[in-house]
Number of protein chains: 2
Amino acid sequence: MATSVSVETLNPKVLRCEYAVRGEIAIHAQHLLQQLERQPGSLPFDEILFCNIGNPQSFGQKPITFFREVLALCDHPNLLDREETKSLFSTDAITRAKKILAQIPGRATGAYSHSQGIKGLRDEIAAGIASRDGFPANADDIFLTNGASPGVHMMMQLLIRNDRDGIMCPIPQYSLYSASIALHGGALVPYYLDESSGWGLEISELKKQLEDARSKGIAVRALVVINPGNPTGQVCSYMYDVTRELSISSFFWGVHQPQVYQENIYVTNKKFNSFKKIVRSMGYNGVDLRLVSFQSVSKGYYGECGKRGGYMEVTGFSTTVREQLYKIASVNLCSNITGQILASLVMNPPKAGDASYDLYEVEKDSILESLARRAKAMVFAFNGIDGITCNKTEGAMYLLPRIHLPQKAIEAASAVNKAPDVFYARRLLDTTGIVVTPGSGFGQVAGTWHLRFTILPPEEKIPSIISRFREFHEEFMAQYRD
Amino acid sequence: MATSVSVETLNPKVLRCEYAVRGEIAIHAQHLLQQLERQPGSLPFDEILFCNIGNPQSFGQKPITFFREVLALCDHPNLLDREETKSLFSTDAITRAKKILAQIPGRATGAYSHSQGIKGLRDEIAAGIASRDGFPANADDIFLTNGASPGVHMMMQLLIRNDRDGIMCPIPQYSLYSASIALHGGALVPYYLDESSGWGLEISELKKQLEDARSKGIAVRALVVINPGNPTGQVCSYMYDVTRELSISSFFWGVHQPQVYQENIYVTNKKFNSFKKIVRSMGYNGVDLRLVSFQSVSKGYYGECGKRGGYMEVTGFSTTVREQLYKIASVNLCSNITGQILASLVMNPPKAGDASYDLYEVEKDSILESLARRAKAMVFAFNGIDGITCNKTEGAMYLLPRIHLPQKAIEAASAVNKAPDVFYARRLLDTTGIVVTPGSGFGQVAGTWHLRFTILPPEEKIPSIISRFREFHEEFMAQYRD
């Protein structure tokens, strides 16, 4: 009956959970940052370059003006009664703020909302989804959340009973999924994306892994699809086949994260299709596939990570299951209202003819075009370095170059009890100040090693990042050459 | 290997979890609200009076002007460059917004922060705690959270391994604790507050329950103290004895929620002392008691529930345990920045001499004085109704009158498979539109029945609420008289 609080007596699920994006390398980077502040000049570099996390505004990306105008007015509605406000805010921001306040009972942005979020805002979001997909969406299916992560946790909590319940995840996958599965005590059933075909999703691989899991007695309860890919950056264009071939509806539903990066598409030969649109297009005799789609205000061109806004759209579940989901949502009362408002804004941005439209378009296009240029430049540069290969970033905010490490480097890593990519990333950080997330945090084919870079550093800094990286890489490879 | 998603195959911990505050009565009230909107006049009342949830701004309580000015400026920092802003915002709000923005790397309120929250804001909060308690506080001990609830979940997740791990909770307790313990699969070890002594905490009861739990093989891992009480409204003034008598430090730590209602004290003979202050005063040879204190921007005089701001202060744990807590916090990246800013503001409000100080004092005092009057009026009224007794509300936002139900009412409830207080509350809602939370959602001594009322309805409405309630109660009691 051990009761003392020590690591040995903590919940073992917590101990097993790993979260690479904020793991060893990220924590060490924070320490170096503090050291630079305390003792400038004490390190071989003068700034830390956080290429490890999709956090656009931390790199100086400016928020969309219209969104922030509306938020400020909703935070302090007294402004709407003042004459000066007309010269400080665009007319459509004022109109929108008034509309949103009218949708909130008592205009009270400081009150708890309905557990799923403010009904009027969910109506706006449903209309935005319907207009995107060409299929109806229902406010009752929307659960507003503090970013996308809490929605993922809620679904894991709902579905995972024990370690015989499996969730199929792509490998490499965003570490939220593996962390959440570990915290809820389930089994991660991997399906490997094919690096040689640009991180393609192969139906044969899905089938093989599914059968393998079942043969071990694992009940596969959900399929996670991340599109555009994180950390892999591919855009998946053939969901249709996946759902049909696996006849998903008969035995499981798909957790899916299609929308988080839905605006972040950098190639012209592919476009974003929501999984819901594909599913609805398939008909299924009018019976919806069980599907949960996650959206977040953290990504897209807006990149409002700190606002913690997002939603999940939940379709195809029975009323009794939905009631259980509602109950879990209720235990945390509601998501933050600022994030709720922002989620409604990104799904209903200014339209042609609105006073803010031109500025909005300029801001949006400039961000997306710059991201596309950065993605292209970084992929090109990585592929020009010996011992590195890198698939194209078609979408999202990441690229995942493969580092072909010599055996001696792998042995040196093993000698200090580290995964080779962690060993490499730590050395990279200590030498250059560049922070990346090692591929082992996302999973990778055994014997291959990767690093996740975001494409977010400012364009003017990319050449120097690349050259610092190249110089480090060449020295590292020379040191450990077989 | 059941894989179909139905209630039968969901996580049984979710099924076991109950959350009374948003349970059956609250859901039914939402349906009635919709019915009133669709078909005015179709019910025996023309408005729903939500006395079931501590949500001050939903009752028209206005936010503190200074706080909202700062939030608006931080949401849209471009305003700080404009001349008109000087006439729209108080000078100290402008100064504070600039200070806060300077504390945020890159002035980016849209960026993810450190997993524990922005360091500069944690410094402000630590200074506020130190100034309140007279003992130092450390920014590294602060975890900013989306309201207080996620912090409670994190601690439960960290500590609960299985159903042999127990958390001691007061009965009646705020349903977050029972819900979170159920979701994490632990055991709730009750200790009963003594209604006859104004919901007093008796050390003999704590000892008895602790020994009882241990004799059943339960490892008691935490003691939850809610002060001021929710749902019970008492102010606990003798923590010292509790901690000393149970020699807590030797075997468990205390989850504690002292600060959420720290400003909401309505009696003059008691004052709020934080558990941390008491613990530090005790010395313990310089070794801190393991203590987690939760604060939220949702309560106090500010009542900013929708902003989802809060923090926990974590002291006395080893570095390795703290690292695990940091990891859990990291999986959700960070809490929302608006809530983070607000948490720093409530811990460092305007001071004498600041431009906003006079207005701030007027706003704050008017809210707190009105709450005190409402608490007194409601307690007085309840005690004047036959078959009802009600302890004084010394703090927080609630009162928990006991309804002395006749046997026939208990049998009528049993016939429709409901707890007697749920049966009563449902009838109250259907007859009067008054929404309360039945005491069985919080736990109560077997055979006693209670209702939780908030003291939040506007003062001018309280007489009519009381008279509607009294009329209903008298009819109900007449119908079921033994």
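Just so you know, these numbers come straight off a predicted model, no measurement behind them.

Here's the deal with helix α5 (residues 91-103) of chain A
Then comes step 1: Across its 13 residues, α5(A) extends 19 Å between first and last C-alpha, which sits within 8% of the 18 Å expected from 1.5 Å per residue.
Then comes step 2: Looking at the packing, one finds that the buried side of α5(A) touches α3 (65-75), α4 (85-88), α6 (119-133) and α13 (337-346) of chain A.

Topic: the sheet that holds strand β14 (residues 451-454) of chain B
All names here are of chain B.
Then comes step 1: Strand order in the open sheet formed by three strands is β10-β14-β13, and the pairing between neighbours is antiparallel. The open sheet has two free edges, formed respectively by β10 (398-399) and β13 (437-438), since each of these has just one partner strand.
Then comes step 2: Examined bridge by bridge, β13 and β14 share two bridges and lie antiparallel to one another. From the neighbouring strand, T437 faces β14, where its bridge partner is R452.

Describing the relation of the copies chain B and chain A
Then comes step 1: Between the two copies, chain B and chain A, the superposition gives an RMSD of 0.0 Å; the rotation angle is 180° and the shift along the axis is 0.0 Å. Taken together, the rotation and translation describe the operation of a two-fold axis. Of every C-alpha in chain B, the one belonging to A72(B) sits nearest the axis of rotation, 2.1 Å from it.
Then comes step 2: In this assembly, 100% of the residues forming the interface of chain B have copies in chain A that are likewise at the interface, indicating an isologous arrangement.

A look at the sheet that holds strand β10 (residues 398-399) of chain A
Then comes step 1: Here we have three strands laid out as an open sheet, ordered β10-β14-β13 (chain A), and antiparallel in their pairing. The open sheet terminates on both sides in strands that have one partner only, identified here as β10 and β13 (437-438) of chain A.

Some points on the interface of chain B and chain A
Then comes step 1: Listed per partner, the contact involves 93 residues of chain B and 93 residues of chain A.
Then comes step 2: Both faces considered, chain B and chain A share a buried interface measuring about 7,800 Å² in area, 56% of it formed by carbon and sulfur atoms.
Then comes step 3: Broken down residue by residue, the surface that chain B buries against chain A is led by V5(B), R22(B) and Y112(B), which jointly contribute 10%.
Then comes step 4: Seen at the junction of chain B and chain A, the total is two salt bridges.

What to know about helix α17 (residues 462-480) of chain B
Residue and element names in this part refer to chain B.
Then comes step 1: Here α17 is 19 residues long and its end C-alpha atoms lie 27 Å apart, about the 27 Å a rise of 1.5 Å per residue gives.
Then comes step 2: Listing the buried residues of α17 in full gives I462, I465, I466, F469, F472, H473, F476, M477 and Y480. All buried residues of α17 project into a common sector of 135° when viewed along the axis, lining one side.

Some points on the environment of E8(B)
All names here are of chain B.
Then comes step 1: With respect to the element layout, E8 can be found in the segment before α1 (12-16).
Then comes step 2: A C-alpha to C-alpha distance of 24 Å links E8 and Q157, two positions 149 residues apart in sequence.
Then comes step 3: Here S6 takes part through its side chain, which lies 3.0 Å from a polar atom of the side chain of E8.

Brief notes about empty space enclosed by the protein
Then comes step 1: Per the stated rule, a full pass over the model turns up four cavities of 30 Å³ or more.
Then comes step 2: Approximately 760 Å³ is the volume found for the largest cavity.
Then comes step 3: Looking at the largest cavity, it is lined by 35 residues, and the ones nearest its centre are P150(A), N332(A), P150(B), H153(B) and N332(B).
Then comes step 4: Of all the secondary structure elements, the ones that give two or more residues to the lining of the largest cavity are β2 (142-145), α7 (149-159) and α12 (319-331) of chain A together with β2 (142-145), α7 (149-159) and α12 (319-331) of chain B.
Then comes step 5: Looking at the lining of the largest cavity, its residues break down into 17 nonpolar, 16 polar and two charged.

Quick notes on the rules
Residues numbered from 1 in each chain as written. Chains lettered and ligands numbered in written order. Predicted model: local features only at pLDDT ≥ 70, side-chain atom pairs only at ≥ 80, totals over all residues. Heavy atoms only, no water. Helix = DSSP H or I, 4+ residues; strand = E, 2+ residues; numbered from the N terminus. Expected span 1.5 Å × (residues − 1). Contact = heavy atoms within 4.5 Å. Pairing = 2+ DSSP bridges. Least-squares fit on C-alpha atoms with pLDDT ≥ 70 in both. Buried area = accessible area lost by both parts, 1.4 Å probe. Salt bridge = Lys/Arg side-chain N within 4 Å of Asp/Glu carboxyl O. Buried < 20%, exposed > 50% of the residue type's maximum accessible area, 1.4 Å probe, protein only. Arc of directions from axis to C-beta. Polar contact = N/O pair within 3.5 Å; in protein donor to acceptor, adjacent residues only side chain to side chain. 1 Å grid on protein atoms, 1.4 Å probe; cavity = no way out; pocket = protein on both sides within 12 Å on 5 of 7 lines; lining within 4 Å. Points joined across faces, edges and corners; volume = space filled by probe spheres on them. Nonpolar A, V, L, I, M, F, W, Y, C, P; charged D, E, K, R; others polar.

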